[in-house]
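So the chains spell out like this:
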Amino acid sequence: MTFDVLQLAVGASWVATGLGAGLWLWSWLREKDAIRKLRFLDCGVVLLFASVLLRIVVQTRVMSVWDWAMIFVGPLFIAAALWRLARTACPPPGRTD
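Each chain carries its own residue numbering, running from 1 in the written order of its sequence. At least 70 in pLDDT is required for a residue's local features to be given in this predicted model, at least 80 for side-chain atom pairs to be given and counted, and no such filter applies to totals for whole chains, interfaces and linings, which use all residues. Think of the side-chain values as coming from all heavy atoms in the structure, minus any hydrogens and water.

1. Brief notes about the overall build of the protein chain
We count it as follows: Each helix is a run of H or I in the DSSP string that is no shorter than four residues. Each strand is a run of E no shorter than two, and both are numbered from the N terminus. Within these notes, the globule rule equals 2.2 Å times the number of residues to the 0.38 power, and the radius of gyration is based on C-alpha atoms. Here's how the labels work: a residue is buried when its accessible area is under 20% of the maximum for its type, exposed when over 50%, partly exposed in between, all with a 1.4 Å probe on protein chains only.
A tally of regular secondary structure across the protein chain gives 3 helices and 0 strands. When the helices and strands of the protein chain are listed from N to C terminus, the series reads α-α-α. For 97 residues, the compact-globule estimate of 2.2 N^0.38 gives 13 Å, and the protein chain exceeds it by more than 25% at 16 Å. Taken along its principal axes, the extent of the C-alpha atoms in the protein chain is 55 × 30 × 30 Å. Scored against the burial criterion, the 97 residues of the protein chain give a buried share of 26%.

In structure tokens:
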């Protein structure tokens, strides 16, 4: 068995997909606190879209319409989730705004 970087990247992206889906499901089914629910959801969205984009980048076939749509829409969802994660972060100690 030889070590292939592309196989490692695809395997890592599937692990990230599973983790992102787990966080997303946890936010909807288990979490009761609204802010924590939103943060779990946003973390799951970032992991899901990033893993899908990674699989699109390393694929060997020609890109389809779905792939192109994900290339343009995926970063928008990632940016929005990261922005919300930054907005819901705990303030540093001593700050009261």
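2. Remarks on the packing of helix 2 (residues 34-58) against helix 3 (residues 65-87)
Quick note on the threshold: Where helices are involved, their axes are fitted lines through C-alpha atoms of the stretch in contact, as for all axes, and angles between N-to-C directions lie from 0 to 180°. For classification purposes, an angle smaller than 35 degrees is called roughly parallel, one larger than 145 roughly antiparallel, one from 65 to 115 roughly perpendicular, and anything else oblique. Each helix crossing is assigned a hand: it is left-handed if the near helix lies turned anticlockwise from the far helix by less than a right angle, otherwise right-handed if that turn is clockwise. The criterion used for residue contact is that any of the two residues' heavy atoms lie within 4.5 Å. Note on residue classes: Ala, Val, Leu, Ile, Met, Phe, Trp, Tyr, Cys and Pro are nonpolar, Asp, Glu, Lys and Arg are charged, and everything else, Gly too, is polar.
Here helix 2 crosses helix 3 at 150°, and the two axes come no closer than 9 Å. Here helix 2 is positioned roughly antiparallel relative to helix 3, judged by the angle of their axes. As for the relative orientation of helix 2 and helix 3, their crossing is left-handed in sense. On helix 3, the residues touching Leu38, Arg39, Leu41, Asp42, Cys43, Val45, Val46, Phe49, Ala50, Val52, Leu53 and Ile56 of helix 2 are Asp67, Met70, Ile71, Gly74, Pro75, Phe77, Ile78, Ala81, Leu82, Arg84 and Leu85. Taken together, the residues of the contact of helix 2 with helix 3 break down into 18 nonpolar, 1 polar and 4 charged.

3. Re the packing of helix 1 (residues 5-29) against helix 2
Between helix 1 and helix 2, whose axes approach to 7 Å, the crossing angle comes to 155°. Considering their axes alone, helix 1 and helix 2 lie roughly antiparallel with respect to each other. The two elements helix 1 and helix 2 meet at a crossing, and its hand is left-handed. Split by residue class, the contact of helix 1 with helix 2 holds 18 nonpolar, 6 polar and 2 charged.

4. Notes on the packing of aromatic side chains
Each pair of aromatic rings is reported with the distance of its centres and the angle of its planes. Using the following cut-off: Ring pairs are drawn from Phe, Tyr and Trp, using the six-membered ring of Trp, whenever the two centres fall within 6.5 Å, and their geometry is named by plane angle: stacked under 30 degrees, edge-to-face over 60, tilted for the rest. The rule for a charge over a ring is simple: NZ of Lys or CZ of Arg within 6 Å of the ring centre, and within 35 degrees of the ring normal.
On inspection of all chains with the given rule, the structure shows 3 aromatic pairs. Considering the side-chain rings of Phe49 and Phe77, the 5.0 Å spacing of their centres and the 0° angle between planes classify their relative orientation as stacked. Of the two residues, Phe49 sits in helix 2 while Phe77 sits in helix 3, which places them 28 residues apart along the sequence. Residue classification places Phe77 among the partly exposed positions, given a relative accessible area of 42%. The aromatic ring of Trp14 is capped on one face by Arg55, whose charged end is 3.8 Å from the ring centroid.

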